[in-house]
Each structure stands twice: as C-alpha cells, then as structure tokens.
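Inside the fold
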Amino acid sequence: MISPADSLPPTVPPLPHVSPHARGLPAGAAVDWLRAGWRDLWVNPACSLAYGVVMLLVSWSVVAGLVGLERDYFLFPALSGFAIVAPAFATGLYEKSRRLAEGERIGLATMLHVKAASGRQILFVGVLLCLLMLVWMRAAVLLYALFFGWKPFPGLEHVTGMLVSEPLGIWLLLVGGAVGGLFAAFGFAISVFSLPMLLDERVDALTAMGTSMSMVWHNLPVMLTWGAIVLVSLALALLPGLLGLVLVFPLLGHATWHAYQAVRGR
C-alpha cells in the first residue's frame, strides 16, 4: 500500500538565481572608470570645464542666497545634499562620453541640447532628486530642533564650536550623519545609473531607477568604492571655496558614464 508521503514529489533545492545585473567587477574597476573619465575630460576640455564653471556659479549663488536671506542653517544640508542632485545636471557630460566612445566629435552646443532616448522621463528623475534633496534639508532642520529646541542657530562662525564642544552637538553630528547617509545612499542608488540609462535607452523613469538600484546592489564592492571616490572628490572640491567643482564635477560626470557602460554590460 502506498502511503500519502510516497506519492509526493521529492523536495529539491531551488535553482541558484544569478542577477542579470551582477558583473563580478573588482573594487579596483572604479579607479579605471575615473581614468576613463579623465581621458574624456581632456578631449575638447573647454566644453567639460564649462559645465564645472556653471556648477560653481550656481553653487555660489545658492550659498549667497541662503546667507543673504539669513537661512544659513540650510547651508550644511544643502552642500551635503549636492551629491543627490548633481547627477541630474551631468547629462551633457554623459552625452560627450557616449559620443566619444562612438568616435564622434562633439561641441558645447550638442552637450547643451541633449536628446535623450527616453524623452522627458529624464526630467522626471531630476525633479524627484530635487524633491529628495528638499526633504533632506527639512529633515536636517527638524533634527536640529529635536536636539536644541528653540535655541537659535549660532551662525556659521560659531556652529563648529557648538557641534564639537557640546554633548548634544556631538549627538547631532552622529545622528545627522547617519540620516544624511541614508538619504545620500538612496539618492546615489536611484540616480547613478538611471540618468545615463534614460539618455541611452528608451525606458520609463521608474524602471530606470529600479534598475539602477539593482545594478548597485548586485555590484556592491565596486559601487561602494565608487561611492567613496565620489564622496571624497566632492568633499575636496568644496573645501577651496567650491572652486574644485570646476574640475571635479565634469570628471565625475564622464567617469559615471563609463561606470554605467561597465555595469550595464554594453
């Protein structure tokens, strides 16, 4: 007599699932992307450096506006949130690297009038990144209020001393750094490959952002290295009065295109 257990099919382990986005790239590949971006930068460099100059002028205007409106407490979250929205302004740099890889010549006019394969979907991602930055800036103000209550912001000349000399200030740095890191990580994951993808392929914005997150997650070692390179580069660019943006912004823009090509597998 056959028991019910004997009639059941045998249990087999699930088949291994390999993501189509996993490339197995070593962490050192991020340095190769930076070298490739450097080469692209110095092909007709005036076009790329013009992007850096524009970002410098925009950044100076934002800083001057916040200080002039006595909203200097927004300055630190605005500068730290710059990395979230910066990819949205690098479309022309991606286009230059794309055309150089195809052996074409490109000028500033072409970089300024980019025709993305996805149409206006790329604008949708840009708007979402700007909204994400605004949410982070508001969250930073709320964190300050949670730790210091109604205590007025001491101003840029005294804020460093307050943060490092008072226990609440140290806790604000730790908690604010953790929260800001989450915002930055999320913004990085959804934007680092979605914007080049929208330029290069006909996909919708949500698909591009989801694919970007998958590409980052399944190539974590090299993407962590690339994220660290971006963070350190931007931090160094901000130190000398933001002047480093003239060089660092186009360099990272070109390198990001090569990162997309390597991880996308094209």
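Residues numbered from 1 in each chain as written. Predicted model: local features only at pLDDT ≥ 70, side-chain atom pairs only at ≥ 80, totals over all residues. Heavy atoms only, no water.

Focus: the overall build of the protein
Broken down by element type, the protein carries 14 helices and zero strands. Starting at the N terminus and walking to the C terminus, you meet the elements of the protein as α-α-α-α-α-α-α-α-α-α-α-α-α-α. Expressed as a percentage of its 266 residues, the buried residues of the protein come to 42%. The long-range fraction of contacts in the protein, counting pairs at least 24 apart against all pairs at least 6 apart in sequence, stands at 77%. (Helix = DSSP H or I, 4+ residues; strand = E, 2+ residues; numbered from the N terminus. Buried < 20%, exposed > 50% of the residue type's maximum accessible area, 1.4 Å probe, protein only. Contact = heavy atoms within 4.5 Å.)

Here we look at the packing of aromatic side chains
According to the stated counting rule, one finds four aromatic pairs in the structure shown. Relative to Phe183, the ring of Trp136 lies with its centre 5.6 Å away and its plane at 40°, an arrangement referred to as tilted. Taken together, the residues span a long stretch of sequence, with Trp136 in helix α8 (residues 121-148) and Phe183 in helix α10 (residues 167-191) at a distance of 47 residues. A residue is classified by how much of its surface remains accessible, and Phe183, at 17% relative accessible area, is buried. Considering the side-chain rings of Trp257 and Tyr260, the 5.3 Å spacing of their centres and the 50° angle between planes classify their relative orientation as tilted. Remark: Tyr260 and Trp257 occur in helix α14 (residues 245-264); sequence separation between them is three residues, near one turn of the helix. (Phe/Tyr/Trp six-rings, centres within 6.5 Å; stacked < 30°, edge-to-face > 60°.)

With respect to the packing of helix α3 (residues 45-68) against helix α6 (residues 91-101)
At a minimum axis separation of 10 Å, α3 and α6 run at an interaxial angle of 160°. On the basis of the axis angle, α3 is roughly antiparallel to α6. In this structure, the crossing between α3 and α6 has a hand that is left-handed. Across the interface between the two elements, Pro45, Ser48 and Tyr51 from α3 touch Gly92, Leu93 and Lys96 from α6. (Axes fitted to C-alpha atoms, helices over the stretch in contact; angles between N-to-C directions. Parallel < 35°, antiparallel > 145°, perpendicular 65-115°, else oblique. Left-handed = near helix turned anticlockwise from the far one by under 90°.)

Section: the confidence of the model for the protein
Taken residue by residue, the protein gives an average pLDDT of 84. The fraction at 70 or more is 87%. Mean pLDDT in the protein bottoms out at helix α1 (residues 4-7), which sits at 57, and peaks at helix α2 (residues 29-41), which reaches 95. (pLDDT = per-residue confidence, 0-100.)

A few points about unusual backbone geometry
Look at Asn44: it is not a glycine, yet its phi comes out positive at around 50°. Along the chain, Asn44 falls in the loop between α2 and α3. Exposure remark for Asn44: the relative accessible area of 37% places this residue in the partly exposed category. Of note, Leu242 is a non-glycine position whose phi angle comes to about 70°, a positive value. Relative to the helices and strands, Leu242 is located in the loop between α13 (220-238) and α14. Looking at Leu242, the relative accessible area reads 8%, which means it is buried.

So, the environment of Ala86
Residue placement: Ala86 occurs in the loop between α5 (82-85) and α6. Exposure remark for Ala86: the relative accessible area of 8% places this residue in the buried category. In this structure, the C-alpha to C-alpha distance between Ala86 and Gly253, residues 167 residues apart in sequence, is 9.0 Å.

With respect to the packing of α8 against α10
Between α8 and α10, the shortest axis-to-axis distance is 10 Å and the interhelical angle comes to 165°. With respect to α10, the axis of α8 lies roughly antiparallel. You can see that α8 and α10 cross each other, and the crossing is right-handed. When its residues are assigned to classes, the contact of α8 with α10 shows 17 nonpolar, five polar and no charged. (Nonpolar A, V, L, I, M, F, W, Y, C, P; charged D, E, K, R; others polar.)

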